[in-house]
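# Summary of structural features
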Amino acid sequence: MKLKNPPVNSLSLEMLTELVINLEKLENDKAVRGLVLTSEYPGIFSAGLDLMEMCGRNPAHYAEYWKALQEFWLKLYQSSLVVVAAINGASPAGGCLMSLICDYRILADNPKYTIGLNETLLGIVAPFWFKDTMVNTIGHRASERALQLGLLFPPAEALQVGLVDQVVPEDKLQSTALSVMAQWLAIPDHARQLTKTMMRKPTVDHLVKQRDADIQNFVSFVSRDSIQKSLQMYLQKLRQKKS
Ligand SMILES: CC/C=C\C/C=C\CCC/C=C/CC(=O)SCCNC(=O)CCNC(=O)[C@H](O)C(C)(C)COP(=O)(O)OP(=O)(O)OC[C@H]1O[C@@H](n2cnc3c(N)ncnc32)[C@H](O)[C@@H]1OP(=O)(O)O
């Protein structure tokens, strides 16, 4: 599956909705057992949540957007398919989250392709289920440091901390993803799927129990004037980068 939402594959409401629909289609297709997730645009895997969905909108929109993000996370994190992320570009914040909920991560070796949950750099806080997903991958201490500092890891460091499973030359990314997929598909589906469910259930239950409260938290947090100002300033900085 190639992510295709120009210019930076931000996770807009529309993109999240389409991703969920496409995942459902693939899961319902008995001929499909695995999925390689990559970007149509080498250089950018995903810029994460769409900042335009979080700026200057009304509370009902924020709630709808957050619910769609939760839905996407729940769908992909619990997917019965083997999901391999072939990360062919920068992967900050929600882009990193999307990779973390796959089963295996391969990052192309390019110093510009950084990955991490950098929310604090924007003056915002990674929600508990982003944090849980990261802790499940790299452990508590490394997550605490990465989250507080909003670290974006270049490939060698991402590998060292365990944020990705493999770093390969850019021209070997797709072939490596396919051989990893073959290895995972050699395991009987039912045993692998039940194991995945068992490993991920506590984290899923944590969000499911708090879903409505989490939406309310997001809406009140993002509606604050101070947060709106931070986000606007961040967007402006991104735009000014060009000039
Ligand atoms: C108590 C707490 C309770 C609840 C918590 C509540 C709320 C917290 C929610 C927190 C969750 C946040 C997760 C996120 O994902 S936030 C988004 C974070 N993303 C980023 O920081 C990435 C920003 N982008 C970049 O760093 C670069 O764009 C990138 C490296 C991806 C690509 O660089 P490049 O130089 O190739 O492109 P740019 O010129 O920078 O960008 C091109 C245009 O795209 C626009 N852009 C970039 N990123 C985004 C985005 N995430 N959303 C929307 N638009 C984006 C950028 O502004 C440029 O636009 P134009 O200038 O062309 O108009």
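Just so we're clear, the structure is a prediction, and the values are computed from it rather than from any experiment.

Calculation criteria
- The written sequence of each chain sets the order in which its residues are numbered from 1.
- Two thresholds apply to this predicted model, a pLDDT of at least 70 for residue-level local features and 80 or more for giving and counting side-chain atom pairs, whereas whole-chain, interface and lining totals are computed over all residues.
- Computation of side-chain values: all heavy atoms of the structure, hydrogens and water removed.
- Each Phe, Tyr or Trp ring, with Trp reduced to its six-membered ring, pairs with another whose centre is within 6.5 Å; inter-plane angles below 30 degrees give stacked pairs, above 60 give edge-to-face pairs, and intermediate values give tilted ones.
- Only DSSP runs of H or I with at least four residues qualify as helices, and only runs of E with at least two residues qualify as strands; both kinds are numbered from the N terminus onward.
- The classification of residues rests on relative accessible area computed with a 1.4 Å probe and restricted to protein chains. Under 20% of the type maximum is buried, over 50% is exposed, and intermediate values are partly exposed.
- The convention used is that axes are lines fitted to C-alpha atoms, helices contributing only their stretch in contact, and that angles between N-to-C directions extend from 0 to 180 degrees.
- Angle categories: roughly parallel below 35 degrees, roughly antiparallel above 145, roughly perpendicular from 65 to 115, and oblique for all the rest.
- The nonpolar class holds Ala, Val, Leu, Ile, Met, Phe, Trp, Tyr, Cys and Pro. Asp, Glu, Lys and Arg form the charged class, and all remaining residues, Gly among them, are polar.
- Pairs of residues are marked as contacts when any of their non-hydrogen atoms sit within 4.5 Å.
- For two strands to be treated as a pair, DSSP must find no fewer than two bridges joining them.
- The nearness test applies per residue and asks whether one of its heavy atoms lies within 4 Å of the molecule or strand.
- Whenever two N or O atoms come within 3.5 Å, that pair is a polar contact, provided that in protein one can donate a hydrogen and the other can accept it, and provided that, for residues adjacent in sequence, both atoms are side-chain atoms.
- What sets the accessible areas is the Shrake-Rupley method with a 1.4 Å probe; for residues, cover comes only from the shown protein chains.
- Directions pointing from the helix axis toward each C-beta atom define the arc.

What follows deals with the packing of aromatic side chains. Counting across every chain of the model gives eight aromatic pairs. Seen from their ring centres, tyrosine 62 and phenylalanine 218 are 6.4 Å apart, and the 90 degrees between their planes marks the pair as edge-to-face. Highlighted residues: tyrosine 62 in helix H2 (residues 59-77) and phenylalanine 218 in helix H8 (residues 189-223), separated in sequence by 156 residues. With centroids separated by 5.8 Å and ring planes inclined at 70 degrees, the aromatic side chains of tryptophan 66 and tryptophan 129 adopt a geometry described as edge-to-face. Taken together, the residues span a long stretch of sequence, with tryptophan 66 in helix H2 and tryptophan 129 in helix H4 (residues 128-138) at a distance of 63 residues. Comparing tryptophan 66 with tryptophan 129 shows no difference in burial state: the two are buried. Ring pairs connect the aromatic residues Tyr62, Trp66, Trp73, Tyr77, Trp129, Phe130 and Phe218, which therefore count as one cluster.

Packing of H2 against H8 leaves a shortest axis separation of 9 Å and a crossing angle of 170 degrees. One way to sum up the angle between H2 and H8 is to call them roughly antiparallel. In terms of residue class, the contact of H2 with H8 is made up of 14 nonpolar, three polar and six charged.

Topologically, glutamine 228 is positioned in helix H9 (residues 225-240). A relative accessible area of 13% means that glutamine 228 is categorised as buried. The residues touching glutamine 228, leaving out its near neighbours within four places in the chain, are Met54, Cys55, Gly56, Tyr62, Val222 and Ser223.

Attention shifts here to the sheet that holds strand E8 (residues 166-168). The five strands lie next to each other as E1-E2-E4-E6-E8, forming an open sheet whose pairing is parallel. The open sheet terminates on both sides in strands that have one partner only, identified here as strand E1 (2-3) and E8.

Here we take up the site of the ligand. As a structural note, the neighbourhood of the ligand is formed by 27 residues, with Ala47, Leu49, Tyr234, Lys241 and Lys242 the closest of them. Contact distances for the ligand include 3.5 Å between an oxygen atom and a side-chain N or O atom of asparagine 118. Note that an oxygen atom of the ligand is positioned 2.5 Å from one of the side-chain N or O atoms of tyrosine 234. Protein coverage of the free-state accessible area of the ligand, which is 1200 Å², stands at 78%. Mapped by element, the contributors of at least two residues to the shell around the ligand are H8 and H9.

Residues spaced three or four apart along an α-helix face the same direction, because each turn holds 3.6 residues. Among the residues of helix H5 (residues 140-149), Ser143, Ala146 and Leu147 are the ones counted as buried. Buried residues of H5 fall within an arc of 95 degrees about the axis and therefore sit on the same side. Among the exposed residues of H5, those oriented more than 90 degrees off its buried face are Arg141 and Gln148. Contact partners of the buried residues in H5: H4. Once H5 ends, the next one or two residues include glycine 150, with phi positive near 60 degrees.

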